[in-house]
Amino acid sequence: MNPRDDAAGTAAPRHVPVLRERVLALLAPAIDYGDAAPVVVDATVGLGGHAAALLAAHPQLQLIGLDRDPQALAACETRLAEFAPRVRLVRAVYDALPQVLADANVDQVAGVLFDLGVSSLQLDADDRGFSYSRDTGLDMRMDPTGGQTAADVVNSYDAADLARVLRHYGEERFARRIAEAIVRERASGPIESSARLAELVRSSIPAATRRVGGHPAKRTFQALRIEVNDELRVLERAVPAAIDAVRVGGRVVVIAYHSLEDRIVKRVFAAGATSSAPPDLPVVPESAQPVLRLLTRGAEVPTEDEVQDNPRATSARLRGVERIRAAA
């Protein structure tokens, strides 16, 4: 998908798929497993960077690309035009994967890729409201055609709910102070500007804390974005669905950009790679055997060279698994 960064203030001059070579290497064995026309799902296809690389590397590959953002899908369709006969693009959130595959009459796939977070298209567009480095409207919807905006959250949630969002989704130490400042500020008029919100957050955080850890508004903007797009609950449904969708020998690869996402992925992968039998059982029955094999030791990170070339890769964390057994 796109180069991504929750800091939302770092500019990138071009679209560089994060960890592209590692993604290709991890998915290649599943694609070359022996299927005449293997199917890979890019569940967050964005501008199509990873998809284009996969299609170019595997002439037999069929790709299904999902994205909730109609602008991203339009740009991706143009980018993947040369591969059009082998591409199916679907406007959908990635937890809709089972229904998308059913609609395409696909029972199982060779691989599923998730590149999570906010895309360059969304981050760099002045009217999308994801960035605190420019003064834009507070939108933050990955699908700009419906649903509540960040402005709706900021101006309608009470202080307790705002603090909950900032604490849980932004891991913000000063969540209560920021929430109370927002409620006071909006009493004189709705908060509709990203710059106004960013300055309000900055002024709510102690000066000593503001000098470390990047932009003071980073965690607040992350939290609002996750709340607006329901990202974590969607991910909790989508990763198990992806595992269910891959055949034996198939692989699931996930690139996450903050600890909340990575924690969900780690938990689901670890559960699938662990026997469900009691530890003292002398013989583990087939039904209790692990269904997954971990392909990465912990989370892999970009090289220093990649981060230098693409600063938005800085926070990327990659994990992968292979399906080694059918479900019991």
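Structure: see above.
### Let's talk about unusual backbone geometry
Non-glycine residue L19 carries a positive phi angle of around 55°. The topology assignment puts L19 in the segment before α1 (20-31). The residue N105 is not glycine, and still its phi comes out positive at about 60°. Take N105: it is sitting in the loop between α4 (97-103) and β4 (109-115).

### What about the pairing of strand β7 (residues 317-323)?
Counted residue by residue, β7 has six buried out of seven residues, so it is predominantly covered. Here strand β5 (residues 246-256) runs beside β7; their pairing, made up of six bridges, is antiparallel. Bridge pairing in β7 links R251 to E322. Across three bridges, the pairing between strand β6 (residues 292-294) and β7 is antiparallel. Within β7, the residue paired with L292 across the bridge is R323.

### Side note on the sheet that holds strand β2 (residues 62-67)
Across a sheet, paired strands are connected by hydrogen bonds in the backbone, their directions being either parallel or antiparallel. Strand order in this open sheet of seven strands is β3-β2-β1-β4-β5-β7-β6, and the pairing throughout is mixed. Each edge of the open sheet is held by one strand with a lone partner, namely β3 (87-91) and β6. When strand polarity is set aside, the average angle formed by the axes of neighbouring strands in this sheet is 15°. On top of the sheet, helix α3 (residues 70-79) reaches β2 and β3; it is set at about 170° to β3, its chief contact.

### Focus on the environment of D35
Mapped onto the elements of the fold, D35 is located in the loop between α1 and β1 (39-42). For D35, a relative accessible area of 32% translates into the label partly exposed. Along the primary structure D35 and A110 are separated by 75 residues, whereas in three dimensions their C-alpha atoms are 8.4 Å apart. A distance of 2.8 Å separates the side chain of D35 from the side chain of R247, its partner in a polar contact.

### Quick word on the pattern of salt bridges
Enumeration according to the criterion identifies 18 salt bridges in this entry. Residue R251 is joined to E322 by a salt bridge in which the shortest nitrogen-to-oxygen separation is 3.6 Å. With R251 in strand β5 and E322 in strand β7, this residue pair connects regions lying 71 residues apart in the sequence. For R251, a relative accessible area of 9% corresponds to the buried category.

What counts as what
- Residues numbered from 1 in each chain as written.
- Predicted model: local features only at pLDDT ≥ 70, side-chain atom pairs only at ≥ 80, totals over all residues.
- Heavy atoms only, no water.
- Helix = DSSP H or I, 4+ residues; strand = E, 2+ residues; numbered from the N terminus.
- Buried < 20%, exposed > 50% of the residue type's maximum accessible area, 1.4 Å probe, protein only.
- Pairing = 2+ DSSP bridges.
- Axes fitted to C-alpha atoms, helices over the stretch in contact; angles between N-to-C directions.
- Contact = heavy atoms within 4.5 Å.
- Polar contact = N/O pair within 3.5 Å; in protein donor to acceptor, adjacent residues only side chain to side chain.
- Salt bridge = Lys/Arg side-chain N within 4 Å of Asp/Glu carboxyl O.

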